[in-house]
Amino acid sequence: MKETAIKVENLDAGYGGIPIMKNLNFEVQSGRIFVILGGSGCGKSTLLKHMIGLVPPISGRVLINGQDMVSAAGDKKNRLLRKIGVAFQNGALFGSMSVLENIMLPLKEYTRLPREAMETVARIKLDLVDLGHGAELMPDQLSGGMKKRAAIARAMALDPSILFLDEPSAGLDPLTSAGLDRLIMDLASNLKITFVIVTHELESILAIADQVIMLEKEAKGIIARGNPGVLKADPSNPYVYNFFNRHPPEAVHP
Ligand SMILES: Nc1ncnc2c1ncn2[C@@H]1O[C@H](COP(=O)(O)OP(=O)(O)O)[C@@H](O)[C@H]1O
Ligand SMILES: [Mg+2]
């Protein structure tokens, strides 16, 4: 049975009452990999910030497992927040602490586990992202790919059911990026984690995404949605078709 993890309803998203996107409507299914794509500055990170409740909607709402994060308060809000994990674009680890200490931070903030238990949990998360060997390293000793894995481990510290990743493969070489894709697919299928990922990487999108939405700045909204393989094969919208088939925008008029 299909279960809805996130429902975005009539959302106007933006800052200070000025919308960057208008009237967004979409659903993210549980345990699936959902990708948000679109050109630079079109509002992908802004949409993520609304989905995690960091920025309140201008109008409309975002439901996480049927609950509205913005109107939730107190314990209810905390429970909702713990269902989601986030690795921000350029989200850095704290350079003054080891990788293990970084992963333990959310546990220190949100739980009262004894230190040894926090350490055990943090090590499990590092093992899950295949970074068990890096626990004692300092962030500046990690490669780009290892930093991304550590950020994902930290986002998973509190056992979220939904993970939001903003441009996780930016700046990675193709091989490292493919490794990250495999990790995301493994986590989705083994742990039934729902992923919402912002990325431009076409290879990555075609390899991992169940559903995509494509945002566009001028349209202030979604210009295409669906399975990426289906969109790639559908020439009815030249802009979308060209993106999925890697043609420069002006080159092909199918
Ligand atoms: N905190 C903010 N306050 C006001 N405007 C912002 C803020 N953050 C981003 N913006 C603007 O919102 C637009 C979309 O930005 P962003 O969501 O970061 O785009 P993307 O992630 O797609 O590159 C940009 O014009 C950006 O300047
Ligand atoms: Mg962004």
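Computed from a predicted model, the values in this text were never measured in an experiment.

**A short note on the site of ligand 1**
At step 1: All residues adjacent to ligand 1 are Y15, I20, G39, S40, G41, C42, G43, K44, S45 and T46.
At step 2: A distance of 2.9 Å separates an oxygen atom of ligand 1 from a polar atom in the side chain of S45.
At step 3: Measuring from an oxygen atom of ligand 1, one finds a side-chain N or O atom of T46 at 2.5 Å.
At step 4: Protein chains shield 56% of the accessible area of ligand 1, which is 570 Å² for the free molecule.
At step 5: Top contributing element to the shell around ligand 1 by residue count: helix α1 (residues 44-51), with 3 residues.
At step 6: A class-by-class count of the residues in the shell around ligand 1 yields 3 nonpolar, 6 polar and 1 charged.

**Observations concerning the domain arrangement of the protein chain**
It is common to give the size of an interface as the accessible area lost on bringing the parts into contact.
At step 1: Domain annotation for the protein chain reports domain 1 (1-83 + 161-254) and domain 2 (91-159).
At step 2: Placing the centre of domain 1 and that of domain 2 at their C-alpha centroids yields a distance of 25 Å.
At step 3: Taken together, the contact pairs 16 residues of domain 1 with 13 residues of domain 2.
At step 4: Buried surface at the junction of domain 1 and domain 2, both sides included, amounts to about 1,200 Å², of which 71% is carbon and sulfur.
At step 5: When residues of domain 1 are sorted by the area they lose upon contact with domain 2, R82, L163 and L183 head the list and together hold 43% of the total.
At step 6: Here domain 1 is connected to domain 2 by 0 salt bridges.
At step 7: Run the count over domain 1 and domain 2 and you get 3 residue pairs in polar contact (both at pLDDT 80 or more).
At step 8: Of all the elements in the fold, those that place two or more residues in the side of domain 1 that touches domain 2 are α2 (74-82), β7 (162-166) and α6 (174-191).
At step 9: The biggest single contributor to the side of domain 1 that touches domain 2 is α6, with 6 residues.

Conventions used here
- Residues numbered from 1 in each chain as written.
- Chains lettered and ligands numbered in written order.
- Predicted model: local features only at pLDDT ≥ 70, side-chain atom pairs only at ≥ 80, totals over all residues.
- Heavy atoms only, no water.
- Near = heavy atom within 4 Å.
- Polar contact = N/O pair within 3.5 Å; in protein donor to acceptor, adjacent residues only side chain to side chain.
- Areas by Shrake-Rupley, 256 points an atom, 1.4 Å probe, with all protein chains shown as cover.
- Helix = DSSP H or I, 4+ residues; strand = E, 2+ residues; numbered from the N terminus.
- Nonpolar A, V, L, I, M, F, W, Y, C, P; charged D, E, K, R; others polar.
- Domains from an automatic or database assignment.
- Contact = heavy atoms within 4.5 Å.
- Buried area = accessible area lost by both parts, 1.4 Å probe.
- Salt bridge = Lys/Arg side-chain N within 4 Å of Asp/Glu carboxyl O.

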